Amino acid sequence: MEAPQYVAARVQRALAEDARTHELGIRVDIRGDQLFLRGQVDGAEQRERLGAVAHETAPALHLHNEIKIVDIVEPGEDEHLD
Amino acid sequence: MSTLTDLRIAAVGDVHLGEDSRGHYRKHLEGIEERADVLMLAGDLTRHGTLEEGRVVADEFRDLPVTVVAVLGNHDYHSDQQYEIASELRDAGVTVLDDDGAVLQCGETKLGVVGGKGFGGGFAGKSASEFGEREIKNFVAHTRHIAEAWKVALKEVQADHRLVLSHYSPIKETLEGEPPEIYPFLGSYLLAEAVDTAGADLFVHGHAHKGTEKGMTPGGIRVRNVALPVLGRAYGVYCLDDCD
Ligand SMILES: [Fe+2]
Ligand SMILES: [Fe+2]
């Protein structure tokens with residue numbers, strides 16, 4: 001069986017290099033036959049695409065897509081630099 | 001209330017707009033003229049660096065009531081269409097810096113902005129150097145050439161305030177939260193050294209999505225990581241001088 005570190009590295013590379021995603025900041029963890037994706041993106045579509053690319057890259061693993069979606073909130077207070 | 005010499009700088013990076021993002025960011029820019037005098041875009045404006053995405057970005061930031069200055073990020077270079085993207089942005093009225101500078105007239109105040117994409121290499125004591133294979137030498141020389149260009153541009157700029165706009169980071173502090181193993185791909189101390197030598201009031205960057213907003217160069221210049229995921233808000237606003 002392939003070492004989980006190599007599988008995780010391959011998934012991470014796929015998320016960065018696949019033209020559908022190009023997402024560099026996603027953490028990939030493998031525990032037994034479970035694959036966890038963690039990080040933040042700005043939309044549900046991107047989260048689903050990341051899940052799809054991860055699943056295609058490691059189809060034998062059970063995928064847990066724990067990526068969070070961050071909402072942009074209105075700008076807050078100014079910071080004064082003096 | 002603002003006085004005449006106040007300067008309110010709005011900044012954000014890593015908006016990563018895709019073709020499905022048309023209009024998403026624009027709505028957060030409503031009323032920006034009440035909050036800020038200028039808007040700085042710190043690169044990674046697109047996801048894949050395609051011209052189509054560049055057009056989405058140009059439309060999101062077109063005809064704003066404040067001056068917009070941008071640099072590109074590594075994502076904007078991915079499809080080798082960085083020059084086309086930059087000219088789309090320029091056609092939309094955005095000033096795009098590419099290792100050069102511009103002076104903006106903001107009321108009574110002149111703001112000099114210098115910058116570009118920047119690049120990596122790591123931080124003092126733990127950085128790559130121009131030694132060995134050609135590939136490593138090219139990597140480090142790319143950053144060195146950028147830092148030299150910024151130093152020259154900063155010295156030439158005649159303005160009341162000087163700001164550096166970059167995608168990559170000049171310091172480690174604003175990378176905190178990222179895995180330390182990838183710091184050399186997130187920035188370079190050569191950028192900080194150049195800017196400390198020439199002087200500036202503020203250094204704004206993006207790129208490190210999991211980093212930290214606030215830091216300072218060894219020479220005491222304030223650094224702000226304005227990557228959208230770091231800010232968690234549409235943009236940060238930084239006041240120079242005595243505005244309140
Ligand atoms: Fe980014
Ligand atoms: Fe980036």
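About the cut-offs
- Residues numbered from 1 in each chain as written.
- Chains lettered and ligands numbered in written order.
- Predicted model: local features only at pLDDT ≥ 70, side-chain atom pairs only at ≥ 80, totals over all residues.
- Heavy atoms only, no water.
- Pairing = 2+ DSSP bridges.
- Helix = DSSP H or I, 4+ residues; strand = E, 2+ residues; numbered from the N terminus.
- Axes fitted to C-alpha atoms, helices over the stretch in contact; angles between N-to-C directions.
- Buried < 20%, exposed > 50% of the residue type's maximum accessible area, 1.4 Å probe, protein only.
- Right-handed = clockwise from strand over helix to strand, strands pointing away.
- Donors = N, O, S within 2.8 Å, 3.2 Å for Na, K, Ca; no water.
- Tetrahedral: all angles 85-135°; square planar, octahedral: opposite > 155°, others 65-115°.
- Contact = heavy atoms within 4.5 Å.
- Buried area = accessible area lost by both parts, 1.4 Å probe.
- Salt bridge = Lys/Arg side-chain N within 4 Å of Asp/Glu carboxyl O.
- Polar contact = N/O pair within 3.5 Å; in protein donor to acceptor, adjacent residues only side chain to side chain.
- Nonpolar A, V, L, I, M, F, W, Y, C, P; charged D, E, K, R; others polar.

K.L.:
Please explain the sheet that holds strand β6 (residues 109-116) of chain B as it appears in this structure.
P.N.:
What holds strands together in a sheet is hydrogen bonding between their backbones, with the strands either parallel or antiparallel. Residue and element names in this part refer to chain B. Spatially, the six strands line up as an open sheet ordered β5-β6-β9-β10-β12-β11, and their pairing is mixed. Of all strands in the sheet, those bounded by a partner on one side alone are β5 (100-106) and β11 (214-216). With direction set aside, neighbouring strand axes in the sheet form an average angle of 25 degrees.

K.L.:
Sorry, what's going on with the pairing of strand β9 (residues 161-166) of chain B here?
P.N.:
The side chains of a regular strand alternate between both faces of the sheet. All names here are of chain B. Of all six residues in β9, five are buried, a share of seventy percent or more. As paired elements, β6 and β9 share six bridges and run parallel to each other. Bridge pairing links Gly 115 to Leu 165 in β9. In this sheet, strand β10 (residues 202-205) lies alongside β9 in parallel orientation, the contact comprising three bridges. Across the sheet, residue Leu 163 finds its bridge partner in β10, namely Leu 202. Following the backbone out of β9, through helix α6 (residues 189-198) and into the adjacent parallel β10, one traces a crossover that is right-handed.

K.L.:
Before we go on, may I ask you to explain the coordination of the iron ion (ligand 1) in this structure?
P.N.:
Octahedral six-donor coordination of a metal ideally yields angles of 90 or 180 degrees, compared with 109.5 degrees for tetrahedral four-donor coordination. Residues and elements named next belong to chain B. Looking at the iron ion (ligand 1), one finds its protein donor set to be Asp 14 (OD), His 16 (NE2), Asp 44 (OD) and His 209 (NE2), positioned 2.0 to 2.3 Å from the metal centre. Each of the four donor atoms bound to the iron ion (ligand 1) contributes to angles spanning 87 to 170 degrees, and the resulting shape is irregular. Mapped onto the sequence, the residues coordinating the iron ion (ligand 1) show the spacing D-x1-H-x27-D-x164-H. Classification of His 16 by relative accessible area gives buried; the value is 10%.

K.L.:
I'm lost on the interface of chain A and chain B in this one. Help?
P.N.:
A common way to express how large an interface is: the accessible area buried when the components associate. Facing the 22 residues of chain A at the interface are 31 residues of chain B. Both faces considered, chain A and chain B share a buried interface measuring about 2200 Å² in area, 49% of it formed by carbon and sulfur atoms. Looking only at chain A, the three residues that lose the most surface to chain B are A:Ile72, A:Glu79 and A:Leu81, adding up to 31% of its buried area. At the surface where chain A touches chain B, the tally comes to four salt bridges. Our count for the contact surface shared by chain A and chain B stands at nine residue pairs in polar contact (both at pLDDT 80 or more). Elements represented by at least two residues in the side of chain A that touches chain B include exactly α2 (44-57) and β6 (79-81) of chain A. The greatest single-element share of the side of chain A that touches chain B, amounting to three residues, is contributed by β6(A). In terms of residue class, the side of chain A that touches chain B is built from six nonpolar, six polar and ten charged.

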